[in-house]
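Chain by chain, the residues run as shown.
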Amino acid sequence: MQSDSKQSAAGKWIKRGQWASALALLVAGHAALAGGPRYVAGSSYFSAAGQPIVWANGQVTYFTDLSDLSSAVSNTQANAMVAQAAAVWSSVSTAAVSIHSGGSLAEYVDASLPAGATAANLPADLQPGATATPVGIVYDQTGAAIDAIYGSGASSPLACQSNGVIVSIDNFAASGNFAHALVLVNGVCATTQGQIANLQYQLVRAFGQVLGLDWSQANEEMFAANAISDDGLAGWPVMHPMERLCNAGGGTCMTDGTTLRTDDIAALNRLYPVTAANIGNFPGKVLTGSATISVRGTIQFVHGQGMQGVNVVLRPLVNGVPDVRYTATAVSGAYFEGNVGNPVTGTTDAAGNPLNRFGSGDPSLEGSFDLSGVPLPPGVTSADYQLSFEPVNPLYTGALSVGPYTTGQVAPSGTLPAITLTGLGTGSAVTQTVVVSDSARALQSGADGTEREPAMVPASGEWTARTTGYGHTGWFQLRTRAAREFTIEAQALDETGAPTQTKAQMVIGAWDGSDAAGTAPVTATVQPFNTGMPGLTALPVLTVGDSEVRIGFADFRGDGRPDFAYHGRILYADSVTPARLPVTGGQIVIRGMGFRSSMMVLVNGVSAQVTSVTPNTIVAIVPDSGGVTGTVPIQIEDTETLAMAGIADGFSYDAGSNDALALVSGPSGAAPVGVAQALTVRVINVDTQAPAAGVAVSFAVTQGSAALGCGTCTVATGGDGTATVVVTPTAAALTQITASLANGSSVIDQFSGTASAGIVALTPNLYIAMGATVAWPVQAMVVDGAGNPVAGQSVNWAGAGVSLSPAQGLTGAGGVASSQIAAGPFSASVAGSARACMAGTQSCAVFQVIPVQPSTEGLVAWSGTQQYVAAGQGFAPVVLHVIDAFGNPVAGAAVTFEEAFFGWTGACPPQGSCPPAPQLAQAAVQATSGLDGSVTLTPLAPNGMAGRLKVTAVVGTSAVLNFEQDAHP
């Protein structure tokens, strides 16, 4: 690839959104060593990875505009200002660099730009590919060129301290050299003598940028301490990142602004050293190595990983006191990668260029520093020096960045030492390895898995981990249900566990569990710290169907260090019980993870009263429906972090939208007038086929004539979803009974009332557990041809396989005769039966006794299985029903309850196994189901203690029902 076809490694002009901060346009560059290189070749595009990017052979040729700079500065004067600034750098005797004029550009740039010009309208000899004019210097009389590139108003005279001279290095050769740069000199900032003086100083800074020097924060502590001194300013480098002494109103930005400081000279020497191989090309200059001192080394965490981003400071000692006039600085890890991206936000920039095109991937460079090329103080042949270490100002990011970290500085870990180096003279070379003994240790808090084998999210939904090891990403997996909204959080922590924005810059991505490794996330944070909380990054996720979700946690820069701790959290609501409430409201229990005391619950947008919160459970009292029936959403909000979780189909007031009615049994065909019969319907959720308990079913006679025994004719379904009403035909007519739900679902039972004399069984069937003996009261009713009850009728009772007592009786005033059947035990599936016959007639009613095999017995939760009460309140009785394979109630079934009460335990720790809950009590209880199949358990009493009661109910050969009761603290 030819260098002139590559418009910088980024390949594009970049337009600034905020021109006031544009001290320099560094096109996606690698901000490296303070007092050192701004750009270091990376592993992509460049052929010399790990080397600073410089001008080939130290030769820099610039070409100037034909225009005057302003009404106060002619073209000749402007050229002289440029030459003077270039000479400041070229005259450094220990640096192999020469900056010289190549002549003029081909045009008057400002005048050549059309109205509304953009960067594309710049002349051809200023475009990034114009390597024949490698450094183009524009005298922007009206600010038109600056406005064209950076936007209207960018050349404003109100910001001359930052927009007086703007530099863009916009083309790099694959050999690791600069190929083109553009310098814009703002003519509207050259109208007074004070402005012109400042422009001269800014031109010196501009050539420092053109040469590839990074910014430096040498002696910056004097500003932080408000202790500015002449000595401090004498060592304050020309290449400082932020103007602190001047403002838009004018004034001198820096005393002796055209005089390079020790730090500037040392940085230039490192980039362009004079060596035995090139000294012949630079007459009058001296070998850098023999005329300066060199201090190189590495600063490391206690376990050996290099500590990147530490400002290393070297100062001579005078009577044991550091002399700030001759400060030299470097930043550790300057040649190492500063931002290579990550699997969450990607590894390329907006233009598609790989982020690792700048900075070496050699891990030995991660904590290295280079303070070579440092000149001794004037008149001194040797001196003692202090080598110290300090954080880089966290404000220095982006175009103002100092060192390798451009998206945010990282505070050093541990206590940084100060080291005395004695007797350093010209030619001295010292290597120093510094291990910060109290720095963070390279320990990973709990396994966080890999992309292909992610770890499960801890049960509590919260954990603490570290992004340890360069390029490390933490991977977790979560099983989620459909129509859920949840929030993933990662809060960066310092060594004390406090939130911070000067350590890891956490970003979060979420993938479908089936996505292949290496693919882009379905959703991700674009930037770290996207909330109002310190150090907190949050990602909201919305699910469509049930799925596995893979979650990645990474540092935005792709970095990984022992001091990159973070607190992870997933606020997720999984289920709500009960699934239905009456319109008057009531208690719900929300189960999920990541819950905190700061939870707020909204039901259909209305606040509910939160009564209890644990990491996995929220108990709330839901208000009345306000006239709403059907499914309503539930939303949970953390009032501190504003994290959200929600269930779109939370629960329903009365019948849900997916609830439907089915007819179980009722009068059919010819139904005797005057004889009461049971009509039973069942409500189920059509999606899950689960019974819907607690739903109001309305019954009405919609055709014909019948009496309903339900009073208000609204009956709530039981635990098995059934509702029953007694129906008595009152006339010989076609009759319909309609059962309906609030959601519109309905079912019709149709029969023909028949006026005929006879006897009818009121309790026709009994289902009995195999081996059980049950006493079954039975009733038969005698009516005349008009459907009226007949009193005093003699009824004879007889049984087959069962016994009855009494065997004979008379009907009462209601026409009912009673007896009792002793049924069982049955050892085979052979039904017993009984008959009630009107004396002297052939009219009989039949009663069936049907034994149920143990293998077909089952259990249905009826009430009390889901309880969440305060400690000391006690649990309500639990009712289960034993049923057969067709849902019929089974009498006489033996049910065993195994109970175990465990003491309360909080959330699991972020690392290690969960502590076992102590078992405080246990019991085994036997119960026998009644005629309706019901069996009742009085749970173990907590006796005022907080804990969880775990119950296992067993019936038949294989039916098991497990449930848990919580007595929360």
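Remember, predicted model here, so these are calculated numbers, not experimental data. (Residues numbered from 1 in each chain as written. Predicted model: local features only at pLDDT ≥ 70, side-chain atom pairs only at ≥ 80, totals over all residues. Heavy atoms only, no water.)

Caption draft 1: How the structure looks around the sheet that holds strand 34 (residues 677-685). The strand order across the open sheet formed by four strands is 32-34-38-36, and the pairing between neighbours is antiparallel. This sheet does not close on itself; its edge strands, each paired only once, are strand 32 (659-665) and strand 36 (706-708). When the angles between neighbouring strand axes are averaged without regard to direction, this sheet yields 30 degrees. Across three bridges, the pairing between strand 36 and strand 38 (residues 722-729) is antiparallel. Along strand 38, the bridge assignment pairs Ala-707 with Thr-728. (Pairing = 2+ DSSP bridges. Helix = DSSP H or I, 4+ residues; strand = E, 2+ residues; numbered from the N terminus. Axes fitted to C-alpha atoms, helices over the stretch in contact; angles between N-to-C directions.)

Caption draft 2: Structural context of the nonpolar core. Of all hydrophobic cores here, the largest spans 64 residues; its most connected members are Trp-89 and Leu-211. With eight residues, the single largest contributor to this core is helix 5 (residues 193-210). Filtering out sequence-adjacent residues up to four positions away, Trp-89 remains in contact with Val-97, Ile-99, Val-204, Phe-207, Gly-208, Leu-211, Leu-213, Met-239, Leu-260, Asp-264 and Leu-268. The next biggest cluster of nonpolar side chains, apart from the first, holds 51 residues, and it includes Met-770, Ala-772, Ala-845 and Val-878. (Core = buried A, V, L, I, M, F, W, Y, C linked by side-chain atoms within 4.5 Å. Buried < 20%, exposed > 50% of the residue type's maximum accessible area, 1.4 Å probe, protein only. Contact = heavy atoms within 4.5 Å.)

Caption draft 3: How the structure looks around the sheet that holds strand 7 (residues 293-300). Strand order in the open sheet made by the three strands is 11-7-14, with mixed pairing throughout. Edge positions in the open sheet fall to strand 11 (368-374) and strand 14 (429-435), since each of these has one partner strand only. Within this sheet the neighbouring strands show an average axis-to-axis angle of 15 degrees, counted without direction.

Caption draft 4: Geometry of the state of the cysteines. Summed over the entire model, instances satisfying the criterion amount to three disulfides. Disulfide partner of Cys-246: Cys-253, at an S-S distance of 2.1 Å. Because the torsion about its S-S bond is 85 degrees, the bridge between Cys-246 and Cys-253 counts as right-handed. You can call Cys-246 buried: its relative accessible area is 10%. In this structure Cys-253 comes out as buried when scored by relative accessible area, which is 1%. A disulfide bridge connects Cys-837 with Cys-844, and the sulfur atoms are separated by 2.0 Å. On the sign convention where negative means left-handed, the S-S torsion of about 110 degrees between Cys-837 and Cys-844 marks this disulfide as right-handed. For Cys-837, a relative accessible area of 18% gives the class buried. (Disulfide = S-S within 2.5 Å.)

Caption draft 5: Summary view of the pattern of salt bridges. According to the stated counting rule, one finds 22 salt bridges in the structure shown. Between Arg-205 and Glu-243 there is a salt bridge, with its nearest N and O atoms 3.6 Å apart. Placement of the pair is Arg-205 in helix 5 and Glu-243 in the loop between helix 7 (230-234) and helix 8 (262-271), with a sequence separation of 38 residues. The class for Arg-205 is buried, based on a relative accessible area of 4%. Using a relative accessible area of 13% as the deciding quantity, one classes Glu-243 as buried. (Salt bridge = Lys/Arg side-chain N within 4 Å of Asp/Glu carboxyl O.)

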